[in-house]
Amino acid sequence: MKGRRKFLKKSLLSTSLLLPIASHTKPIFREYPAGVKPMILSTWNHGMPANDKAWQVLSETGNIVDAVEEGVKVTEIDLDNLSVGLQGLPDREGIVTLDASIMKGTGECGSVAFVRQVKHPITLARKVMENTPHVMLAGEGARQFAIKEGIPLEEEVLSRKAEKAYQEWKKKANYQPIINIENHDTIGMIGIDAEGKMAGSCTTSGLAYKMHGRVGDSPIIGAGLYVDDEVGAATATGLGEAVIRICGAFLIVELMRQGWTPQEACEEAVRRMIQKHPDIADIQAGFLAINKEGEHGAYAVQPGFNYAKHSTNEKILIDAKSSFK
Ligand code: ASP
């Protein structure tokens, strides 16, 4: 009896392997518009100057990885930006910790998380990708790696704006990490070159006044960023915890693999997020995606999310649609 049960289990298993997987998804094959490559897309309006730089680098070198690294470096040193780079808002202990990731459409990727004193975490993430056998380095290890790579560490002082905001927060916040629909503006950049090669980058100082040690979605490959030359790329901004729970960027790329448009895939990711978060009214998150044909889309939970698009015939800021109106 035992043997028969085992046999039945085994044969059911092998039969199921032969059966087509039930699909509730869109058809795989559809018509694509042609001629929309190259293109660079970035989250939020700080994406405009970042895209300018990325576009310049892409035009000069044709290297899409250089383009997405150099592009977001502009935001990492933008003193007006309080959510990317060392001038960003600190954690609740008053310490700025940074997260960043970079990925090529070939699957090569690197990231750093919870790193301090590094002016360009995106460059450090690229060095993890290119100079180590690993994908992710965190905290003190990432900082030591920066030193080893000859990257000078910055003095650990808050920017004037961040210091002022932190002191205000301390007066009224009761040491509680805040989760709301403001306080986030990660730059996620995804790009495609004229031949269809893709890359993406994502960099942030994370959620303002987070617990010390908290890591968001931005350095998590598949959450804040995912790129696959066979399909497309996606990046996320907003509350990292919510993005991680649905593997946001990977989900979008996989939906596109099944034939969903970038717009449809971003909307589905938001729908899943809403489904899993009863407190969704307090959450903002947005997604941005491109497929290998150069079609793109974006969608957010709350209104207010926008993204920058640079292509051969336009450089524009586009308001994304959102679930809440
Ligand atoms: N996604 C970032 C995080 O959760 C926040 C942001 O978009 O600024 O760390």
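Keep in mind that what you see is a predicted model, and the values were worked out from it rather than measured.

Rules used throughout
Residues numbered from 1 in each chain as written. Predicted model: local features only at pLDDT ≥ 70, side-chain atom pairs only at ≥ 80, totals over all residues. Heavy atoms only, no water. Near = heavy atom within 4 Å. Polar contact = N/O pair within 3.5 Å; in protein donor to acceptor, adjacent residues only side chain to side chain. Areas by Shrake-Rupley, 256 points an atom, 1.4 Å probe, with all protein chains shown as cover. Nonpolar A, V, L, I, M, F, W, Y, C, P; charged D, E, K, R; others polar. pLDDT = per-residue confidence, 0-100. Contact = heavy atoms within 4.5 Å. 1 Å grid on protein atoms, 1.4 Å probe; cavity = no way out; pocket = protein on both sides within 12 Å on 5 of 7 lines; lining within 4 Å. Points joined across faces, edges and corners; volume = space filled by probe spheres on them. Pairing = 2+ DSSP bridges. Helix = DSSP H or I, 4+ residues; strand = E, 2+ residues; numbered from the N terminus. Axes fitted to C-alpha atoms, helices over the stretch in contact; angles between N-to-C directions.

**Student:** It is not clear to me how the site of the ligand should be interpreted in this structure. Could you clarify?
**Tutor:** If you check the shell around the ligand, you find 14 residues, and the closest are Thr186, Arg214, Asp217, Gly238 and Gly240. Asp185 has a polar backbone atom sitting 2.9 Å from an oxygen atom of the ligand. Take Gly240: an N or O atom from its main chain is 2.8 Å from an oxygen atom of the ligand. Protein chains bury 100% of the 270 Å² of accessible surface belonging to the ligand in isolation. Class assignment for the residues of the shell around the ligand results in 2 nonpolar, 9 polar and 3 charged.

**Student:** Would you explain the confidence of the model for the protein chain in this entry?
**Tutor:** Close inspection of predicted coordinates is inappropriate for parts of the model with low pLDDT. Here the protein chain averages 89 in pLDDT, and 87% of its residues register 70 or above. Segment residues 1-24 is flagged for pLDDT under 50; beyond a separation of four residues in sequence, or across chains, it makes 0 contacts in the model.

**Student:** What's the story with the layout of surface pockets in this structure? I'm lost.
**Tutor:** Once rolled over the atoms, a probe with the size of a water molecule shows which space is left empty. Counted as a void, the largest pocket has a volume near 270 Å³. The wall of the largest pocket is formed by 15 residues, among which Leu86, Gln87, Glu154, Glu155 and Val157 lie closest to the centre.

**Student:** Looking at this structure, how should I read the sheet that holds strand 10 (residues 296-300)?
**Tutor:** In spatial order, the strands read 7-8-9-10-13; together these 5 strands make up an open sheet with mixed pairing. Of all the strands in the sheet, the pair left with one neighbour each is strand 7 (225-228) and strand 13 (321-322). Across the face of the sheet, helix 8 (residues 248-257) comes into contact with strand 7, strand 8 (232-238) and strand 9 (285-291) while running at roughly 145° to strand 8. In the packing of helix 9 (residues 262-276) onto the sheet, the strands contacted are strand 9 and strand 10, and the crossing angle to strand 10 comes to about 20°.

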